Amino acid sequence: MTKDEIVLASQEYLFPAVFHYYREPLVIARAKDQFVYDADGRPYLDFFGGILTISVGHSNERVNAAIHAQVDKLQHVSTVFVTEPQAALAKKIASLTPERRLTKSFFTNSGTEANETAILAARCYTGSSEIIALRHSYHGRSAMTMALTGQGSWRIGGAVQPGIVHAHNAYCYRCPFGLTYPACEVRCARDVEELIRTSTSGRVAGFIGEPIQGVGGFITPPKEYFAIVAEIVRKAGGIFISDEVQTAWGRTGGKWFGIEHWGVMPDVITSAKGLGNGCPIGLTVATPEVAAGVTGLTISTFGGNPVTTAAAKAVLDFIESENLLANAAETGAYLRGKLEELREKHAVIGDVRGMGLMQALELVEDRSTKAPAARATAELMEAARRNGLLVGKGGAYGNCIRISPPMNIAKSDVDEFARLLDRSLEECVSGAGN
Ligand SMILES: Cc1ncc(COP(=O)(O)O)c(C=O)c1O
């Protein structure tokens, strides 16, 4: 198919709700390492990684070798049979969880299903159905995970489910209480007690939160936030679910899981995206006690698929052998420095936040009013594309730029990224290149 035929067929035969970035859709034909190539063969430096999914580079040779070997040996059996790749991956994951306390895995196909499984486990284990989620969160696209999600634009089709309440998130740049950290004494976290008292029966099944809110625009809480919330939730009988669909596998630098930065021992961790480096996989890993609470029958046809689990094991082995947790911390700090420099230069950048190789810019029209600069953000996306750079967009106000390159990049890639972003910022502010 020609490029135009691909675009036309996509428009004609896909749901119109399958939206794409950019005024003119970008047709991607192939990718290698930190570069993707469009249908005309033009390269782009990929600092979004297919929404934080390319953790170890496009077409990673070691991961691809594991996929090729497995696909020729055994491609599918379903969870009603036992296979080596699934067992080996579950064993590996158990060895990586905080203090090796979460040792029981359930594999599915997506982050959405991983969160469905986590909520199911919380409800089975506690006997309560009430869940606390966070404003500005994103947890998936099933009916229930849309109801958990705390952003109106992602709650379509009447996403209502009784028993889910939304607490304030720790959005320090736009504090919901109009306070400033640390004088605020983390009021947003303490407010969860009042939420439970007023909006639930007082006994809850659990809390679900992202260590850094991804789709929300990499909103990063103060270090005390989750520990305070966890204590309040546990007092009300609930378990703590860490949605690490974006933050796991070293992305935040120095730790396998984002929640480890916040000093909380979760009962359940969910993940997907970077675990498969592009192979569809969802993971719910729980303590033995919580996992044992899920009684009765459950099945996933594609869950634990031999090919995807072989790929995921190769991804984890690669992250470990290449010491990418350290690289995400070190190169992430270098990236952060570059972003701070750009903030000095460009008034449109209101906030720089994130951890490791998960960094974001929040764009504003005016630094004192903090009016969201949604139009400038859209223009910046276009300018970056013209300059051969891919970044992500996010935030409830459509004014955040999300930066999440593969974790095996070098500082020289960051230098090139900063040069391209600087040029794109100049163009979008001056209107050049349009
Ligand atoms: C934090 C978080 N949870 C869950 C999901 C849903 O994952 P999936 O799109 O694989 O269903 C996402 C997707 O972006 C996510 O960012």
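So, here's what we can say about the structure. Everything numeric here is computed off the predicted structure, so don't read it as measured data.

## Some details on the sheet that holds strand β14 (residues 392-394)
Taken in spatial order, the four strands of this open sheet run β11-β12-β15-β14, and their pairing is antiparallel. At either margin of the open sheet sits one strand with a lone partner, and together these are β11 (349-355) and β14. Neighbour-to-neighbour, the strand axes of the sheet open up by a mean angle of 25 degrees, direction not taken into account. As paired elements, β14 and strand β15 (residues 400-403) share three bridges and run antiparallel to each other. Bridge pairing in β15 places Lys-393 opposite Ile-401. Strands β11, β12 (358-363) and β15 of the sheet are contacted by helix α11 (residues 324-345), whose axis makes an angle of about 175 degrees with β11. Against the sheet, helix α12 (residues 374-386) touches β12, β14 and β15, its axis set at about 40 degrees to β15.

## Remarks on α12
For α12, with 13 residues, the first-to-last C-alpha span of 19 Å sits near the 18 Å given by 1.5 Å per residue. Within the sequence span of α12, burial applies to Thr-377, Glu-379, Leu-380, Met-381, Glu-382, Ala-383, Ala-384 and Arg-385. Phi turns positive one or two residues past the end of α12, at Gly-388, with a value near 80 degrees.

## A word on the site of the ligand
Taken together, Ser-110, Gly-111, Thr-112, Asn-115, Tyr-138, His-139, Gly-140, Glu-210, Asp-243, Val-245, Gln-246 and Lys-273 are the residues near the ligand. Here Thr-112 contributes a side-chain N or O atom positioned 2.5 Å from an oxygen atom of the ligand. At a separation of 2.8 Å, an oxygen atom of the ligand approaches a polar side-chain atom of Gln-246. Within the complex, 85% of the 390 Å² of free accessible area of the ligand lies under protein. At three residues, the largest contribution of residues to the shell around the ligand is made by helix α5 (residues 111-126).

Cut-offs used in this document
- Residues numbered from 1 in each chain as written.
- Predicted model: local features only at pLDDT ≥ 70, side-chain atom pairs only at ≥ 80, totals over all residues.
- Heavy atoms only, no water.
- Pairing = 2+ DSSP bridges.
- Helix = DSSP H or I, 4+ residues; strand = E, 2+ residues; numbered from the N terminus.
- Axes fitted to C-alpha atoms, helices over the stretch in contact; angles between N-to-C directions.
- Contact = heavy atoms within 4.5 Å.
- Expected span 1.5 Å × (residues − 1).
- Buried < 20%, exposed > 50% of the residue type's maximum accessible area, 1.4 Å probe, protein only.
- Near = heavy atom within 4 Å.
- Polar contact = N/O pair within 3.5 Å; in protein donor to acceptor, adjacent residues only side chain to side chain.
- Areas by Shrake-Rupley, 256 points an atom, 1.4 Å probe, with all protein chains shown as cover.

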